[in-house]
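Chain and residue survey
Residue strings, one per chain:
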Amino acid sequence: MLEAAIEKMPLPDDGDLWMETIPMRHNGWWTAVGICGSLLFATVLPAKAADYQKPAPATAPPSYSASLLSQFETINSQIAQTEDASQIAFLHLKQADVLEQLVNSTRGKERIGWMKQLADSLQVAGMSHHSVQKLAHQRLGRMKDYAEKHMAGEQMVPYVTYRYMQVGHQALPEKDHKQIAKKAEMWQEHLAQFVEAYPKGEDSPLLMVELAVLCEAKKDLEGARKWYSMLARVHPKHSMAKHAALASRRLGIDGKKLYLALPRLADLNDPFDIDQLNDKMIVDYFWSSMEPKSVQAFDKLSKVLSRYKSKGIEMVCVNVDQDHEKGRSMLNIGYVPGVHVHQRGGIEGRITSQYGIGEVPSMILLGKGGQVLHRQPKMEELESEIKKHLK
């Protein structure tokens, strides 16, 4: 299914790219000539996927490798010095020619590393300028065919396939809102098929996050939880795994009662239970003195609370500083309304872990009785959410 979806990605017949295969072959390579913008270039293409098949001998000639590395570094410097998109695309294609030779002059892990850089260069070329999208896509396609035939089960297959998908998708038209929407839908569909096919791929963890965020934006909470849960399950050691597990929990709290019993920040021997405010609508705000944005937000929160306090709105501020004294001293700077409590254990404490709070500042809007009305309102939408639920 993934193969069929990828092959359906059309590439435009771009008048800016002219390429003709010259009937001349040398060591298994065709030479192609084309025009990239205003630049004439020559590049080499493998005649077929099998041209990538034979790895280099155990030791490549040192002078040959040194020459290629020198060319590679020179092109890298040229790329860093230009901002012109067509020139960047041309230079990445030129770099890809050098990388193909490095791939075929090395073996083992070194060869794998050069293959990945080759795929990256072709991806950047195809994403940088429309004039070379077709050529970059074709070359990535040849790499994909080779990887599937000769490296099945290895990470190179999803690595190249994803970059092939990206360039193909980039070329899809987006002349109006309808085409843009269709393109976005297709991308989400293709991403889902890719991740299902290659859940352990190198790019898959971040793509799972992307899919979850796309689902959240569409109010598809089950879809979002599916992708977050998959990331936490399949890649438990990934840097995003903890975030994914928390996000999955957060998505499950809508409509549920929030339980919160913590000591007051001013006196840790004085307990507070949120049930004491059962007859109030509550803005539950999580903050830290170490995060400037969460401190700066108190001014806006105070203004919102002052406007709606008479209508039954209250604020509970949960400080997550490792050292409660830092939070306490911050509040002494100025008067901040609401009930102030402290959670031991920092952001990884019991309450934040239970309700999927992975960063500060964060808010949860609670209705009377403690039910979650909005699991994560943004500051700019807080007042409209309060008004909506006061009706």
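The residue numbering used here restarts from 1 in each chain and proceeds along that chain's sequence as written. Where totals are concerned, whole chains, interfaces and linings use all residues; where local detail is concerned, this predicted model gives features only for residues with pLDDT of at least 70, and gives and counts side-chain atom pairs only at 80 or more. Excluded from the side-chain calculation are hydrogens and water; included are all heavy atoms of the structure.

On to the overall build of the protein, then. When its secondary structure is counted, the protein shows 14 helices and ten strands. Across the 391 residues in the protein, those meeting the buried criterion constitute 48%. By definition, residues are in contact when any of their heavy atoms lie within 4.5 Å. Pairs at least 24 residues apart make up 63% of the contacts formed inside the protein by residues separated by at least 6 positions. Using the Shrake-Rupley algorithm and a 1.4 Å probe, accessible areas are obtained, with residue cover drawn only from the displayed protein chains. Surface accessibility of the protein: about 19,800 Å² in total, with carbon and sulfur atoms responsible for 54%. A run of DSSP states H or I qualifies as a helix once it reaches four residues; a run of E qualifies as a strand once it reaches two. Both are numbered from the N-terminal end. When a residue's accessible area, from a 1.4 Å probe over protein chains only, is under 20% of the maximum for its type it is buried; when over 50% it is exposed; and in between it is partly exposed.

Strands qualify as paired when DSSP identifies two bridges or more between them. What the five strands build is an open sheet, ordered β8-β7-β6-β9-β10; its pairing is mixed. Of all strands in the sheet, those bounded by a partner on one side alone are β8 (339-342) and β10 (372-374). Recorded for the sheet is a direction-independent mean angle of 30° between the axes of neighbouring strands. Pairing analysis gives seven bridges linking strand β6 (residues 281-287) to strand β7 (residues 313-319), with the strands arranged parallel. The residue of β7 that forms the bridge with F286 is V318. Axis angles are defined between N-to-C directions and span 0 to 180 degrees, where every axis is a line fitted to C-alpha atoms and, for a helix, only to the segment in contact. Along the sheet, helix α11 (residues 292-308) makes contact with β6, β7, β8 and β9 (362-366), crossing β6 at roughly 170°. Across the face of the sheet, helix α12 (residues 324-331) comes into contact with β6, β7 and β8 while running at roughly 120° to β6.

With respect to burial, β6 is a largely interior element, seven of its seven residues being buried. A two-sided burial pattern is seen for β6, the buried positions comprising M281, V283, Y285 and W287 on one face and I282, D284 and F286 on the other. Orient the strands so they point away from the viewer; a crossover is then right-handed if the path from the first strand over the helix to the second runs clockwise. In this region the chain leaves β6, passes through α11 and returns to the parallel neighbour β7; the handedness of that crossover is right-handed. By the bridge criterion, five bridges tie β6 to β9 in an arrangement that is antiparallel. Bridging across to β9, Y285 finds its partner in M363.

Here the focus is the confidence of the model for the protein. pLDDT is defined as a per-residue confidence score from the predictor, taking values between 0 and 100. For the protein, per-residue confidence averages 84 on the pLDDT scale, and residues scoring 70 or more make up 82% of the total. In the model, residues 7-51 has pLDDT below 50 throughout and makes 110 contacts with residues more than four positions away in sequence or in other chains. Below a pLDDT of 50 lies the segment residues 53-60, which in the model reaches 16 contacts outside its immediate sequence neighbourhood of four places, other chains included.

When you line up the elements, V157 lands in helix α6 (residues 156-170). By relative accessible area, V157 is classed as buried at 6%. Spatially, the C-alpha atom of V157 lies 9.0 Å from that of Y198, the residues being 41 residues apart in sequence. If near-sequence neighbours (up to four positions away) are discounted, V157 is found in contact with A147, E148, M151, A152 and Y198.

What follows is about the nonpolar core. Of all hydrophobic cores here, the largest spans 54 residues; its most connected members are V195 and W227. If one sorts the elements of this core by residue count, helix α3 (residues 85-103) sits on top with nine residues. V195 has contacts with S204, L207, M208, L211, W227 and M230, leaving out every residue within four places of it along the chain. Residues grouped as a nonpolar core are buried Ala, Val, Leu, Ile, Met, Phe, Trp, Tyr and Cys residues, joined through side-chain atoms within 4.5 Å. Grouped together as the second largest cluster of nonpolar side chains are 21 residues, I253, L260, I364 and V372 included.

Here we take up the pairing of β9. When you tally the buried positions in β9, you get five out of five residues, the bulk of the element. Alternating positions in β9 separate into two faces, S362, I364 and L366 on one and M363 and L365 on the other, with burial throughout. Note: β9 against β10, two bridges, orientation antiparallel. Considered in β10, the bridge of L366 is made with V372.

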